[in-house]
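The chain contents come next:
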Amino acid sequence: MIQINNLKQHNEPFFAQYEAKFQSFLRNGYYILGDEVRSFETAFSNYIGTQHCISVANGTDAIELTVRALQLPQGSEVITAANAAMYSTISILNSGLKPKFVDISADGYNLDIEKVLAALTATTKAVIFTHLYGRGTNLDSLKKELSKKKVFLIEDCAQAHGCRIGDKKMGSFGDIATFSFYPTKNLGALGDGGAITTNNSKLFQNVIELRQYGWGKKYHLKEMVGRNSRLDELQAAFLNTKLPHLDKFNARRIEIAETYLKGITNSKLLIRKWNNDGSYVAHLFPVEVKDPALRPLLAAYLGENKIGCDIHYPVPDYKQTPIKTLFESTRLENTEDRCNKVLTIPCYPELENENVKYIIEKINKW
Ligand SMILES: Cc1ncc(COP(=O)(O)O)c(C=O)c1O
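Residues numbered from 1 in each chain as written. Predicted model: local features only at pLDDT ≥ 70, side-chain atom pairs only at ≥ 80, totals over all residues. Heavy atoms only, no water.

*Asks:* Before we go on, may I ask you to explain the sheet that holds strand β9 (residues 194-198) in this structure?
*Replies:* Backbone-to-backbone hydrogen bonds join strands into a sheet, with any given pair of strands oriented parallel or antiparallel. Here we have seven strands laid out as an open sheet, ordered β1-β9-β8-β5-β4-β2-β3, and mixed in their pairing. Edge positions in the sheet fall to β1 (52-56) and β3 (98-101), since each of these pairs with one other strand and no more. Taking each pair of neighbouring strands and ignoring which way they run, the sheet shows an average axis angle of 25°. As defined by bridge partners, strand β4 (residues 124-130) adjoins strand β5 (residues 152-156) across five bridges and the pair is classed as parallel. Bridged to Thr 130 within β5 is Asp 156. Of the strands in this sheet, β2 (77-80), β3 and β4 are in contact with helix α5 (residues 87-94), which crosses β3 at around 145°. Relative to the sheet, helix α7 (residues 140-148) contacts β4 and β5, its axis offset from that of β5 by approximately 145°. (Pairing = 2+ DSSP bridges. Helix = DSSP H or I, 4+ residues; strand = E, 2+ residues; numbered from the N terminus. Axes fitted to C-alpha atoms, helices over the stretch in contact; angles between N-to-C directions. Contact = heavy atoms within 4.5 Å.)

*Asks:* I would appreciate a short explanation of helix α2 (residues 15-28) in the present structure.
*Replies:* Turn by turn, an α-helix covers 3.6 residues, leaving residues three or four places apart pointing in a common direction. In a regular helix each residue adds 1.5 Å, so 14 residues correspond to 20 Å; α2 covers 20 Å between its end C-alpha atoms and thus fits that length. Two residues or fewer past α2, Gly 29 is found with a positive phi of approximately 90°. (Expected span 1.5 Å × (residues − 1).)

*Asks:* Would you mind showing me how to read the side chain of Glu 233 here?
*Replies:* Turning to its location among the elements, Glu 233 is positioned in helix α9 (residues 233-242). Of the polar contacts made by the side chain of Glu 233, one reaches the backbone nitrogen of Val 37; its length is 3.3 Å. Those residues in contact with Glu 233 that sit more than four places away from it in its chain are Phe 25, Tyr 30, Tyr 31, Leu 33, Gly 34, Asp 35, Glu 36 and Val 37. (Polar contact = N/O pair within 3.5 Å; in protein donor to acceptor, adjacent residues only side chain to side chain.)

*Asks:* I would appreciate a short explanation of helix α4 (residues 59-69) in the present structure.
*Replies:* By the criterion of burial, α4 is predominantly enclosed, with nine of the eleven residues buried. Taken residue by residue, α4 has Gly 59, Asp 61, Ala 62, Ile 63, Glu 64, Leu 65, Thr 66, Val 67 and Ala 69 as its buried positions. Of the residues one or two after α4, Gln 71 is the one with positive phi, at around 50°. (Buried < 20%, exposed > 50% of the residue type's maximum accessible area, 1.4 Å probe, protein only.)

*Asks:* Which parts of the structure should I look at to understand the site of the ligand?
*Replies:* Inspection of the region around the ligand gives Asn 58, Gly 59, Thr 60, Ile 63, Tyr 87, Thr 130, Asp 156, Ala 158, Gln 159, Ser 180, Lys 185 and Tyr 313 as its neighbouring residues. Between an oxygen atom of the ligand and a side-chain N or O atom of Tyr 87, the distance comes to 3.5 Å. Take Lys 185: an N or O atom from its side chain is 3.0 Å from an oxygen atom of the ligand. Within the complex, the protein chains bury 93% of what would otherwise be the 390 Å² of accessible surface of the ligand. Sorting elements by how many residues they give to the shell around the ligand places α4 first, with three residues. For the shell around the ligand, the per-class residue count stands at four nonpolar, six polar and two charged. (Near = heavy atom within 4 Å. Areas by Shrake-Rupley, 256 points an atom, 1.4 Å probe, with all protein chains shown as cover. Nonpolar A, V, L, I, M, F, W, Y, C, P; charged D, E, K, R; others polar.)

*Asks:* Hey, could you run me through unusual backbone geometry in this one?
*Replies:* Most of the time, phi is negative for any residue but glycine, and the peptide bond is trans. With an omega dihedral of 10°, the bond running from His 312 to Tyr 313 counts as a cis peptide bond. Within the fold, Tyr 313 resides in the loop between α11 (295-304) and α12 (333-341). Of note, the phi angle at Met 86 is positive, near 75°, even though the residue is not glycine. Its place among the elements puts Met 86 in the loop between β2 and α5.

*Asks:* Would you mind showing me how to read the domain arrangement of the protein here?
*Replies:* As a measure of interface size, the accessible area lost when the parts come together is often cited. Per the domain assignment, the segments making up the protein are domain 1 (7-244) and domain 2 (246-365). Summarising the inter-unit geometry, the C-alpha centres of domain 1 and domain 2 are found 24 Å apart. Counting residues at the interface gives 43 residues for domain 1 and 39 residues for domain 2. Of the roughly 3400 Å² buried between domain 1 and domain 2 on both sides combined, carbon and sulfur atoms contribute 54%. Counting the surface domain 1 buries against domain 2, the share from its top three residues, Tyr 133, Arg 135 and Asn 186, is 22%. Those elements giving two or more residues to the side of domain 1 that touches domain 2 turn out to be α1 (7-11), α5, β3 and β6 (164-165). Take the side of domain 1 that touches domain 2: its biggest share by element is three residues, from α5. Of the residues belonging to the side of domain 1 that touches domain 2, the class tally is 23 nonpolar, 13 polar and seven charged. (Domains from an automatic or database assignment. Buried area = accessible area lost by both parts, 1.4 Å probe.)

*Asks:* Looking at this model, I keep getting lost on the pairing of β4. Mind explaining?
*Replies:* Every regular strand shows the same layout, with side chains that alternate between the two sheet faces. With six of its seven residues buried, β4 lies for the most part within the structure. With three bridges joining them, β2 and β4 adopt parallel strand pairing. Paired with Val 78 across the bridge in β4 is Ala 126. The parallel pair β4 and β5, bridged by α7, forms a crossover whose chirality is right-handed. (Right-handed = clockwise from strand over helix to strand, strands pointing away.)

Structural data, given as structure tokens:
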């Protein structure tokens, strides 16, 4: 079976380094917010190109603590896409704010910037922009327009580690950005992990407090009621081991994506193009069936041929059971189109060329 991901294979080359890290972790005696966490935060902010990085327990906490750090008035609206598996929506709702869903672009997977600008109202205080599948969007113009209106821009980069426009990385365009280090991510831990990057010192300070109970200093809450959301020292050690290899992993992902783009010619499918300039880091490789009725047939066919696949993501956020009654009138054409048609095929650094070739052959035969 060619799996959709193979985490053991991905981590195997680092086992000896992980074991050495674990030995020194055991003997060090500092198990929470120690040297590994600090050195990862420094290395990751340098890598992304921001002044600050604060690590947290996972990518969803990263978004929620970021939203809370903005200290928005109750009832504020936060614009987000509805095709990214609820992560941003959960964070908005758990912060006591209102999600406002805006459609993605007609020819892609990320929020339509024109539609975001048209949707702004006096109560809109922030926009969460997800660089889905590792397809980055240049947010310079959006940031400029939002700044004029004092609306914050948050980037969700959980699928876009190392993705860049020229030399500028995703995670350095907005006021603040969030990352997940879930094991399958382009930079993945061996458990949960997350981070926030920013150049804004006030937001940095707020997140530092929020991730540790709201403490300004030990045992003294300063201004906000926080929670415990710290990156584990051991996960930070694993991430420190892998970060120097991230660009190499991304290069291999992109190579596989380019091979698929050239090789897959089945006319029942659509593959959306990208610029091969580092702005797509191939976190996921979606194909689209032109007719949604064909998707279950393609998934079954791939399964019969021992090729893993998955749907990222099948349900628009506003149709999810716990919230759908609040959004009965919301219908976003491009979002629904993609949710009904996308199917992800394997794309990860360790996938062998012969497997890529086999997948292309099988898909073209279908
Ligand atoms: C786009 C996006 N945002 C947020 C998250 C949440 O991250 P985590 O699973 O670490 O909470 C994920 C992935 O899981 C994601 O893909």
